[in-house]
Amino acid sequence: MPRTSPSVALEAMLSGNRRFVAGQPHHPNQDAARRAQLAPGQEPFAVILGCSDSRLAAEIIFDQGLGDLFVVRTAGHVLGAEVLGSVEYATSVLGCRLVVVLGHDSCGAVAAARAAVDDGLPAAGFVRDVVERVTPSVLAARAAGLTDDSDIIDEHIRHTVKLIMDRSRVLSEQVQTGEVAVVGLAYQLAEGSARLVTSHGVESAE
């Protein structure tokens, strides 16, 4: 689906997720012919910044195949310069029309940040850097009176989307011109469903 519109790209993601939830995946673009077709180059239609959680395999839960998604994963979908550079590369060079921040319930990074805030339990080693980057979302949720896990996850997804828009002039300008949309999705581990939390540059396709 190269060079599609942001709204069509979002609908393709959500439709694939509905197939996955229903247990009727199409497993598209996963054969030898597709592999050979992609050897000279790639044109993914969406870039996903997702949590590294092993249960969050993007091509599976959105029923996509080789060459469809450009996936960047960090614990707690935390942002750094290399992550933003990867996302900018996907939209500016590869032509992705949709940026998806993918969070999920029972996120270990968010749980660790909550423990650090609520109980003063610091993380060790470089895990501390991840926790510190999630902590602002936990603090914002607390300031808003949010205590439910799903509400805090949603706040962290919104916070990551906002950081992308604030820190990347490239991406914010692409959203303003309608070339790219940036959305946040919350994935439910047990149900397998992805829910739209926030969007910039596209209306909900649901």
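The shown structure was predicted, so the numbers you read here are calculated from the model rather than taken from an experiment.

So, how was this worked out
Position labels on residues start from 1 in each chain and follow its written sequence. A pLDDT threshold of at least 70 governs which residues receive local features in this predicted model, and a stricter bar of 80 or more applies before side-chain atom pairs are shown or counted, although totals over entire chains, interfaces and linings include all residues. Think of the side-chain values as coming from all heavy atoms in the structure, minus any hydrogens and water. To qualify as a helix, a DSSP run of H or I must reach at least 4 residues; to qualify as a strand, a run of E must reach at least 2; elements of each kind are numbered from the N terminus. By this rule, a helix spans an expected 1.5 Å times one less than how many residues it contains. Burial here depends on accessible area, computed with a 1.4 Å probe over protein chains only, as a share of the maximum for the residue type. Under 20% is buried, over 50% is exposed, and the range in between is partly exposed. Each direction from the helix axis to a C-beta atom contributes to the arc, which is the arc of those directions. Only heavy atoms enter the contact rule, under which two residues are in contact if any of them lie within 4.5 Å. We treat two strands as partners when DSSP finds at least two bridges between them. Each axis is a line fitted through C-alpha atoms, taken for helices only over the stretch in contact, and angles between the N-to-C directions span 0 to 180 degrees. By salt bridge we mean one thing: a side-chain nitrogen of Lys or Arg within 4 Å of a carboxyl oxygen of Asp or Glu. Here a polar contact is recorded for every N or O atom pair within 3.5 Å, except that within protein the pair must consist of a potential hydrogen donor and a potential acceptor, and residues adjacent in sequence are included only if both atoms are side-chain atoms. We call Phe, Tyr and Trp rings a pair once their centres come within 6.5 Å, taking the six-membered ring for Trp, and we label the pair stacked below 30 degrees between planes, edge-to-face above 60, and tilted otherwise.

Chemist: Looking at this structure, how should I read helix H5 (residues 108–119)?
Modeler: Think of an α-helix as 3.6 residues a turn; residues three or four steps apart then line up on the same face. The end-to-end C-alpha separation of H5 is 16 Å, in line with the 16 Å expected for twelve residues at 1.5 Å each. Taken together, the buried positions of H5 are occupied by Ala-109, Val-110 and Ala-113. Looking straight down H5, one finds that the buried residues subtend no more than 95° of arc, so they occupy a single side. Elements that come into contact with the buried residues of H5 comprise helix H6 (127–143) and helix H7 (149–167). After H5 finishes, the residue Gly-120 shows a positive phi value of roughly 65°.

Chemist: What am I meant to see in the environment of Cys-107 here?
Modeler: Position of Cys-107 among the secondary structure elements: in the loop between strand S3 (98–104) and H5. With relative accessibility at 5%, the residue Cys-107 sits in the buried group. In this structure the C-alpha to C-alpha distance between Cys-107 and Ala-46, which are 61 residues apart in sequence, comes to 23 Å. Dropping the residues within four chain positions of it, Cys-107 is found in contact with Cys-51, Gly-76 and Ile-153.

Chemist: I keep staring at the environment of Pro-28 and nothing clicks. Help me out?
Modeler: Structurally, Pro-28 is set in the loop between helix H1 (6–21) and helix H2 (32–38). Under the relative-accessibility criterion, Pro-28 is labelled partly exposed at 21%. C-alpha separation for the pair Pro-28 and Gly-16, spaced twelve residues apart in sequence, amounts to 9.8 Å. With residues up to four places along the chain from it excluded, the contact list for Pro-28 reads Asp-63, Gln-64 and Gly-65.

Chemist: Is there a simple way to explain the sheet that holds strand S2 (residues 69–74) in this structure?
Modeler: The five strands lie next to each other as S2-S1-S3-S4-S5, forming an open sheet whose pairing is mixed. Both outer strands of the open sheet, S2 and strand S5 (194–200), are each paired with one neighbouring strand and no more. Between one strand and the next, the sheet's axes are offset by a mean angle of 20°, whatever the strand orientation. Across six bridges, the pairing between strand S4 (residues 181–187) and S5 is antiparallel. Each bridged residue has a counterpart across the sheet, and for Gly-184 the counterpart in S5 is Thr-198.

Chemist: Before we go on, may I ask you to explain the pattern of salt bridges in this structure?
Modeler: Where charged atoms of side chains with opposite charge meet at close range, the side chains can pair. Tallied over the entire structure, the rule returns nine salt bridges. With a closest N to O distance of 2.6 Å, Asp-166 and Lys-162 form a salt bridge. Note that Asp-166 and Lys-162 are positioned in helix H7 at a spacing of four residues, about one turn of the helix.

Chemist: Looking at this structure, how should I read the side chain of Asp-63?
Modeler: Tracing the backbone through its elements, the reader meets Asp-63 in the loop between helix H3 (58–61) and S2. From its side chain, Asp-63 meets the backbone nitrogen of His-26 in a polar contact 2.7 Å long. Within the local environment of Asp-63, its side chain forms a polar contact with the backbone nitrogen of His-27, the two atoms lying 2.9 Å apart. Ignoring anything within four residues of it in the chain, the contact list for Asp-63 reads Gly-16, Arg-19, Pro-25, His-26, His-27, Pro-28 and Ala-58.

Chemist: Please explain the packing of aromatic side chains as it appears in this structure.
Modeler: Aromatic rings considered in pairs are described by the distance between their centres and by the relative angle of their planes. On inspection of all chains with the given rule, the structure shows one aromatic pair. Arranged with centres 6.1 Å apart and planes meeting at 50°, the rings of Phe-70 and Tyr-89 form a pair that is tilted. With Phe-70 in strand S2 and Tyr-89 in helix H4 (residues 81–92), this pair connects stretches of sequence that are 19 residues apart. When its relative accessible area of 18% is taken as the criterion, Phe-70 is described as buried.

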